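Structure at a glance
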Amino acid sequence: MKYISDIITLEDYLTEIGCETSLGDLILLLSEQAEPIRDAFPENQDYAGTENASGEDQMALDVLADKLLTDTLEESGLVGAIGSEEKDTILYLNNPYDGFGVNMDPLDGSSLIDVNLAVGTIIGIQDKGNILNKGEDMLAAMYMIYGPMTTLVMTTGKGKGVHEFVLNNDGEFALLRENLRIPEDGKIYAPGALKQDYTDKHLEFIDNLEGDGYKLRYSGAFVADVHQILHKGGIFTYPATEKNENGKLRLLFEANPMGFMVTEAGGKISDGYRNILEIEPEAVHQRVPIYVGSKGPVNKIEQIMNR
Ligand code: AHG
Ligand code: MN
Ligand code: MN
């Protein structure tokens, strides 16, 4: 663990690990939005009075975070297209250089804003303005969590490791932990959806976890729940149910970036049958059943589902 006497900033770290300059610049610009987003919480506790493309009521902070991030990306000159949970369609930017494709969930865990629990921002980065590309094609992924500390977790691609930074009192992200590895012996489970809507196989899986002594840890923010599992081991699920065959969470904005980071940390993400990162996206707001976490429990659900 690195302490403040031993500061390595996100900027220095990106250089140290040989991150390509424009990708590093993009990650730094996005990281600079943590403070303005965080500062907006006290004044933005209410609903915005609008709905997003998935028919969900938008919170003022969903709209504000989307605007802050979009303005930053537009001004950067580094980005060719943006897909966002809060935008109906892909936003193509008039950028002579074809730039990056950025998929984002500007504010994940919106139902927790008014109760002051940890929420976050999730981002996946593709090349050449690509939005509807497979998760495994991503160049980089990151998330920021607004909790007791503001932290940033990122990877700059396959084989580059997953690293965690904390926003310090000088307003800089400093390295907190490098090369995170998801434990295989952790026993935390975060089960989304209503139990009464579970399919038989999913119910069997959850019963198995409980029988094996898994402890319930579900907050209502995917990013915070997966963050906990990344550190402690276990599994997050938001399954297909009798009512919603694709579950609730979105492939491009939630599953792919988080799955990419968990996979890079030695874990796995599945829709119950196959690696989510191999799915060819068909629509920007496409939903997908999710099982993400340590390899053991993710392999177990695939065994049950494929039986
Ligand atoms: P968002 O706030 O971006 O709409 O995402 C909410 C998601 C996810 O963060 C969380 O795991 C899940 O929805 C919670 O849903 P339930 O209220 O059905 O548990
Ligand atoms: Mn979300
Ligand atoms: Mn959201």
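1. Regarding the overall build of the protein
Within the protein one finds 8 helices and 15 strands. The C-alpha atoms of the protein give 18 Å as radius of gyration, which agrees with the globular expectation for 307 residues (19 Å, within 12%). Based on the C-alpha atoms only, the size of the protein along its principal axes is roughly 50 × 45 × 35 Å. Residue burial in the protein is summarised as follows: out of 307 residues, 57% are buried. If you take every contact in the protein between residues at least 6 apart in sequence, the share linking residues at least 24 apart comes to 64%. Here the protein carries 25 positive and 51 negative side-chain charges, and the mean point of each set is 9 Å from the other.

2. Observations concerning the pairing of strand β8 (residues 150–155)
For β8, the tally of buried residues reaches 6 of 6 residues, placing the bulk of the element in the interior. Taking every second residue as pointing to the same face, both faces of β8 are buried, with T150, L152 and M154 on one and T151, V153 and T155 on the other. Bridge count for strand β7 (residues 140–146) against β8 is 6 bridges, and the pairing is antiparallel. What sits directly across from I145, in β8, is T151. Between the end of β7 and the start of β8, which pair antiparallel, lie 3 residues. Examined bridge by bridge, β8 and strand β9 (residues 163–167) share 4 bridges and lie antiparallel to one another. Looking at the pairing, V153 lines up with E164 of β9.

3. Quick notes on the coordination of the manganese ion (ligand 3)
For a metal with four tetrahedral donors the ideal donor-metal-donor angle is 109.5 degrees, whereas six octahedral donors ideally subtend 90 or 180 degrees. For the manganese ion (ligand 3), every protein donor is listed as E85 (OE), D105 (OD) and L107 (O), and the spread of their distances is 2.2 to 2.3 Å. Positions of the donor residues of the manganese ion (ligand 3) along the chain correspond to the pattern E-x19-D-x1-L. Between the two metal centres, the manganese ion (ligand 3) and the manganese ion (ligand 2), the spacing is 3.7 Å, with D105 acting as a shared donor. Of this pair, E85 sits in the loop between β3 (79–84) and β4 (91–92) while D105 is found in strand β5 (residues 100–108), placing the two residues 20 residues apart along the sequence. Here E85 falls in the buried class, since its relative accessible area comes to 4%.

Each value, and the rule that gives it
- Per chain, residue numbering runs from 1 following the sequence as it is written.
- To read the labels, note that chains go from A and ligands from 1, taken in the order they are written.
- Totals for whole chains, interfaces and linings use every residue, but because this is a predicted model, local features are given only for residues with pLDDT of at least 70 and side-chain atom pairs only at 80 or more, for both listing and counting.
- Heavy atoms throughout the structure, all of them, feed into the side-chain values; hydrogens and water do not.
- Under the DSSP-based scheme used, a helix requires at least four consecutive residues in state H or I and a strand at least two consecutive residues in state E, with every element numbered from the N terminus.
- Only C-alpha atoms enter the radius of gyration, while the globule expectation follows 2.2 Å times N to the 0.38, with N the number of residues.
- Relative accessible area decides the class of each residue, using a 1.4 Å probe on protein chains only: under 20% of the type maximum gives buried, over 50% gives exposed, and in between gives partly exposed.
- Only heavy atoms matter for contacts: two residues are in contact if any of them lie within 4.5 Å across the pair.
- The convention is simple: Lys and Arg are positive, Asp and Glu are negative, and His and the chain ends are not counted.
- Charged side chains are reduced to one point each, which is NZ for Lys, CZ for Arg, CG for Asp and CD for Glu.
- The pairing criterion is simple: DSSP has to find at least two bridges between the two strands.
- Only nitrogen, oxygen and sulfur atoms count as donors, using a 2.8 Å cut-off from the metal that widens to 3.2 Å for Na, K and Ca. Water is left out, so coordination shells may look unfilled.

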